[in-house]
Amino acid sequence: MGIKGLQGFVARVCPDACRTVDLRETAEKHRIDHPDFPPVIVVDAMSCVRYWYTPESWVCGGQWREYLANLEDFIKAFTAAGIQLVFYFDGVVEEKKRDEWIKRRLQNNKEIARIFQFIKTHRKQPGRGMFVVPSALPTFTRFALKSLGQKTVCTLQEADFEVAAYGLQRNCIGILGQDSDYLIYNTCPYFSIEKLCLDRLVTVMYSREDLCRALGLGLTHLPLFACLLGNDVVPESLLEGFWHKCLVTSPHKNSSYNRRTNILLAVANYISKVPCSYSGLKHLEEMLPLGSDKTLLYRGVESYLLPGQQSPWIPPNVRNCQTFSLQQQTALCQDKEIFQLAKEQHIRSENYTIFNILSNGEIECSNSLEDECDTEIPGQALIYRPARQHIYSVLLESGKGGAYPLVKEWFVYFGNPLQQPELIQPVQPFIPGGTPNLKTLWFAKGPDVEKQRYSTFLACFHLQDGMEELQALEAPVAAFCCLLAYLMMQVSSLSLEDLNAFVAVILCLKGKSAAQLASLQLAQVDSRAVHLGAVFVRGLTTLLMANSACGFPFRMDDLMPWEMFDGKLFQKKYQQSHRSCSLEELLEGNESLYTPFQNLKSFICKACMEKRTIQSRPRGNGFITGTQQREFNPRFQQTHRRYFVPPYHNQMRGFLWRNPQPQGKKH
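Presented here is an overview of the structure given in this document.

Scoring rules and cut-offs
- Counting starts from 1 at the beginning of each chain's written sequence and moves along it residue by residue.
- In keeping with the model being predicted, local features are shown solely for residues with a pLDDT of at least 70 and side-chain atom pairs are shown and tallied solely at 80 or more, while totals for entire chains, interfaces and linings include all residues.
- The side-chain numbers reported here are obtained from all heavy atoms of the structure, hydrogens and water having been left aside.
- Cavity and pocket criteria rest on a 1 Å grid covering protein atoms alone: a 1.4 Å probe that fits but cannot get out defines a cavity, protein on both sides within 12 Å along at least 5 of 7 lines defines an open pocket, and an atom within 4 Å of a point defines a lining residue.
- Grid points are joined across faces, edges and corners, and a volume is the space filled by probe spheres set on the points.
- Classes in brief: Ala, Val, Leu, Ile, Met, Phe, Trp, Tyr, Cys and Pro nonpolar; Asp, Glu, Lys and Arg charged; the others, Gly included, polar.
- Here, two cysteine sulfur atoms that lie within 2.5 Å of each other are counted as a disulfide.
- Only protein chains enter the accessibility calculation, which uses a 1.4 Å probe; a residue is then buried when its area is under 20% of its type maximum, exposed when over 50%, and partly exposed in between.
- The rule is short: rings of Phe, Tyr and Trp, with Trp giving its six-membered ring, pair when the centres are within 6.5 Å, and they are stacked under 30 degrees, edge-to-face over 60, tilted in between.
- Counting from the N terminus, the helices are DSSP H or I runs at least four residues long and the strands are E runs at least two residues long.

We now examine empty space enclosed by the protein. For the structure on display, the rule yields four cavities of 30 Å³ or more. Roughly 90 Å³ of volume is contained in the largest cavity. Considering the residues around the largest cavity, the lining is formed by 13 residues, among which Tyr-352, Cys-365, Phe-411, Thr-541 and Met-545 are closest to the centre. When grouped by side-chain class, the residues that make up the lining of the largest cavity number six nonpolar, four polar and three charged.

Set out below in structure tokens:
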């Protein structure tokens, strides 16, 4: 997660370390020097997503078709210059970084609360200064890049380490990202995504060598320098006394610099005088209040050493090479074949969260744009928990004579202080004859198994009786119906107007280009619709998880938000629906959509019938403006009851059919 203040320090104090580079020229030089190896840039995707997301609207749930078009343009610019890109995504939150992850999530909660207060006050989106990425953006970026033919890697440990290692081992022309840790690793050059001018392929390269010259250090000092400034291994709280000692003895104090800049210069000056040896490191360790963990500094330095590298601060005979530490025998899943396939699919970004569950039974979900003051809509983490409990049961094959292993969840929602993971019990879905064996779902072939995969997927969302009707639909529409029916069942405050808005979106989205959606203007923004948009998009990630667990009854591409959702379009349909507009206005005058609209609504209402009747509750232009804090309601944490959806026999036809009907055939 970088070294606090280092990036800004380099820009202000070491301008020589910030070199403007033309990536086309860099690639051409590489081709001349290495004619058999095409130029490759390894991309730290997690630090790039906020720069890739340039659509004007960001609060409404995501402008997914616009974003997909942006990614396509990004790739084309590099392809035209003959540069290959390899994208890396964080696949885990390492235990040593959990405290920092929690701290950031709690801070994000405050930022999101301010965003909702702004929307309620001004009925519009805040300026870019309050920007947060749309919910689940990194997850769907992975699948977007794969769909665009790019090599996409999901890591088994912290992404910055794997990115730096790949860049070094594959002789890449550089790393593209925005993380000051890339100034510390001794790897290929570090290029800035923030400074990238895409049309000219010009950016800033941050030079480690020039940074070292400015600090009076060698490259081998940089890992120790990073640790003594505070990083993910060595907390800043242990270093205040050491910084004070460095500041007192530093000849570089400058009143025009802020305290952090003076600390960086003072620490560099101090360690430049320490013998570059293991005994020098031990001397520094003795100066720090490390408590019972005397190896903290040693481990911090070691964390920056890439495969094959050594450090004078660490004797070769005591070095522990950083590798993926999880062993098969410690995993929840003891079947080697299943474990190996899950791992391979994880690395290739083909599944979603499955390997994390099978390996160490732990899963996390970051912040969503949810309004903590809206007492009628529970947190998305709680809405989708019953579905996840079924997915855990499918994956861990519990209840077959053995005890259920609990799954540790770190999910952000109002009322969860994130002091420890919640221990979640897997719950078997209702499937006549029981849940199929995981080996059957993942490895067996044939139409019977395909049917089992689909029915198991539906059972995770309490929709197993709707299989025949759903299979008749185009795959993205069927997935949309699964999610929306589940959502309407779980959240009793959702109304007929909300249902109409969601159904209108998927019907009206068909055929709309990214440019058409970009040109859509909103007179105002409704905070409740913002909240519902985020809840819906998070639901799509639950579909991804279920699809991965059940052996892919759907193509992952059919579960993507750009197939079924657009934030601004949903805002428009939500506001129209709650104003009780005509069906003609809601469906943009397209009469061919009337029958599919009624059929999809009818299916969802019947699917919910056992649990609730969806009632009309128009809100008009009565935007929510209240700021009263909701009280945490533990009712939403209770394990769901099983509900059996009655069979639904009304066939849904029209352009939504998976296979278009021959002309003239009577329906």
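A separate point is the state of the cysteines. One pass over the full model with this rule turns up zero disulfides. Not engaged in a disulfide, the cysteine Cys-197 finds its nearest cysteine sulfur in Cys-48; these two sulfurs lie 16 Å apart. We note that Cys-608 lacks a disulfide partner, and the nearest cysteine sulfur, in Cys-605, lies 6.8 Å from it. Cys-608 sits in the buried class, given a relative accessible area of 0%.

Here the focus is the packing of aromatic side chains. Summed over all chains, the structure comprises 28 aromatic pairs. Between Tyr-53 and Tyr-67 the ring centres are 5.5 Å apart and the planes differ by 40°, which places this aromatic pair in the tilted class. With Tyr-53 in the loop between helix H3 (49-52) and helix H4 (64-80) and Tyr-67 in helix H4, the pair connects residues that are 14 residues apart, well separated along the chain. Comparing Tyr-53 with Tyr-67 shows no difference in burial state: the two are buried. Consider the rings of Tyr-88 and Tyr-166, whose centres lie 5.5 Å apart with planes at 55°: the pair is tilted. Here the residue Tyr-88 occupies a position in strand S3 (residues 84-89), and Tyr-166 occupies one in helix H7 (residues 159-169), the gap between them amounting to 78 residues.

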